[in-house]
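This is what each chain is made of:
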Amino acid sequence: AQRVTQPEKLLSVFKGAPVELKCNYSYSGSPELFWYVQYSRQRLQLLLRHISRESIKGFTADLNKGETSFHLKKPFAQEEDSAMYYCALSRNSGGGADGLTFGKGTHLIIQP
Amino acid sequence: KAGVTQTPRYLIKTRGQQVTLSCSPISGHRSVSWYQQTPGQGLQFLFEYFSETQRNKGNFPGRFSGRQFSNSRSEMNVSTLELGDSALYLCASSSVAGGWEQFFGPGTRLTVL
């Protein structure tokens, strides 16, 4: 069975500092990886998807199949980045994604 | 477009009772997925419905069931409630079956006493 691990429950950094939220996964096949974010009093929403290789709100994430990791990075943190971040995996079954397996989340706090 | 709506937002039940939660997806979305969120286990996939058919199911006991109507609205039912069923139940909709971009509702907070 697939598994997603986010080793940090809480990460606190100062504004302007680099941010890296760690995500490791285990899955024997070829997964699709995502980052979802939940800002205070808002709904869970998609931040980015590894296949698109986009930079969203300054965040990027590279899939490293050798290390089975999908860390989320941003060079300069902003206060509005404070939120809960969830790494998620979907099995690439060829017939579309099969539900999302989420990590337990990292609470990112950006201090002024 | 209106977002995903879930009713009720809060619910208190006692052990042994059953409960039905409702989810209305974004207009035009035919896929509805349900997730359970608890502090201990995090977000766990329950099941997905697409065009009134259950497409995928997570690792939950048979007490958890669902259905989808022709207008894509979905209901989730939990029978013989246990204390451990206390959780936030999230519904998400997608435009395609197994869609990776899921749009989440605000959730229904279920408390079992």
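Preceding block: the structure.
Owing to the predicted nature of the structure, the values given are computational and were not obtained by experimental measurement. (Residues numbered from 1 in each chain as written. Chains lettered and ligands numbered in written order. Predicted model: local features only at pLDDT ≥ 70, side-chain atom pairs only at ≥ 80, totals over all residues. Heavy atoms only, no water.)

Caption draft 1: Examining the pattern of salt bridges more closely. Evaluation of the coordinates by the stated rule reveals nine salt bridges over all chains. Two residues, Arg49(A) and Glu32(A), come together in a salt bridge whose shortest N-O distance is 2.7 Å. Placement of the pair is Arg49(A) in strand β6 (residues 45-49) and Glu32(A) in strand β5 (residues 31-38), with a sequence separation of 17 residues. Like Arg49(A), the residue Glu32(A) is buried in the burial classification. The partner of Arg73(B) in a salt bridge is Glu75(B), with the nearest N and O atoms 3.3 Å apart. By relative accessible area, which is 24% here, Arg73(B) ends up partly exposed. (Salt bridge = Lys/Arg side-chain N within 4 Å of Asp/Glu carboxyl O. Helix = DSSP H or I, 4+ residues; strand = E, 2+ residues; numbered from the N terminus. Buried < 20%, exposed > 50% of the residue type's maximum accessible area, 1.4 Å probe, protein only.)

Caption draft 2: The nonpolar core, seen in detail. In terms of nonpolar packing, the biggest core is built from 24 residues, with Trp35(A), Leu72(A) and Tyr85(A) touching the most fellow members. Not counting residues within four places of it along the chain, the set of residues in contact with Leu72(A) comprises Val19(A), Glu20(A), Leu21(A), Trp35(A), Leu47(A), Leu48(A), Phe59(A), Thr60(A), Ala61(A) and Tyr85(A). Core analysis: the next-biggest nonpolar cluster, separate from the first, contains 21 residues, Val4(B), Val78(B), Cys91(B) and Val112(B) among them. (Core = buried A, V, L, I, M, F, W, Y, C linked by side-chain atoms within 4.5 Å. Contact = heavy atoms within 4.5 Å.)

Caption draft 3: Main features of the sheet that holds strand β7 (residues 64-68) of chain B. All names here are of chain B. Taken in spatial order, the four strands make up an open sheet running β1-β3-β8-β7, and their pairing is antiparallel. Of all the strands in the sheet, just β1 (5-7) and β7 have a single pairing partner and so form its edges. Strand-to-strand twist across the sheet, computed as the mean angle between neighbouring axes with direction ignored, equals 20°. For β1 and strand β3 (residues 19-24), the ladder comprises three bridges, and the chain directions are antiparallel. Considered in β3, the bridge of Thr 5 is made with Ser 24. (Pairing = 2+ DSSP bridges. Axes fitted to C-alpha atoms, helices over the stretch in contact; angles between N-to-C directions.)

Caption draft 4: Examining the layout of surface pockets more closely. Considering only enclosed or pocket space, the largest pocket measures out at about 1,400 Å³ in volume. Of all elements in the fold, only β1 (3-5), β9 (83-91) and β10 (101-102) of chain A together with β4 (31-38), β5 (42-50), β6 (53-57) and β9 (87-94) of chain B reach the threshold of two or more residues within the lining of the largest pocket. Tallied by class, residues from the lining of the largest pocket come to 18 nonpolar, 22 polar and 10 charged. (1 Å grid on protein atoms, 1.4 Å probe; cavity = no way out; pocket = protein on both sides within 12 Å on 5 of 7 lines; lining within 4 Å. Points joined across faces, edges and corners; volume = space filled by probe spheres on them. Nonpolar A, V, L, I, M, F, W, Y, C, P; charged D, E, K, R; others polar.)

Caption draft 5: Geometry of the interface of chain B and chain A. Opposite the 18 residues of chain B that make contact, chain A presents 16 residues. Its largest share of buried area at the contact with chain A, chain B owes to Leu43(B), Trp100(B) and Phe104(B), together 43% of the area lost on that side. At the junction of chain B and chain A, the tally comes to zero salt bridges. Inspection of the chain B/chain A interface yields six residue pairs in polar contact (both at pLDDT 80 or more). Breaking the side of chain B that touches chain A down by element, the ones donating at least two residues are β4, β5 and β6 of chain B. Each residue belonging to the side of chain B that touches chain A can be placed in one class, and the counts come to eight nonpolar, eight polar and two charged. (Buried area = accessible area lost by both parts, 1.4 Å probe. Polar contact = N/O pair within 3.5 Å; in protein donor to acceptor, adjacent residues only side chain to side chain.)

Caption draft 6: Representation of the state of the cysteines within the structure. Residue and element names in this part refer to chain B. In this structure the tally under the stated criterion is two disulfides over all chains. With its sulfur 1.7 Å from that of its partner, Cys 23 forms a disulfide with Cys 91. Residues Cys 23 and Cys 91 are joined by a disulfide whose S-S torsion is about -50°; by sign, that bridge is left-handed. Taken together, the positions of Cys 23 in strand β3 and Cys 91 in strand β9 put the pair 68 residues apart, joining distant regions of the chain. You can call Cys 91 buried: its relative accessible area is 0%. (Disulfide = S-S within 2.5 Å.)

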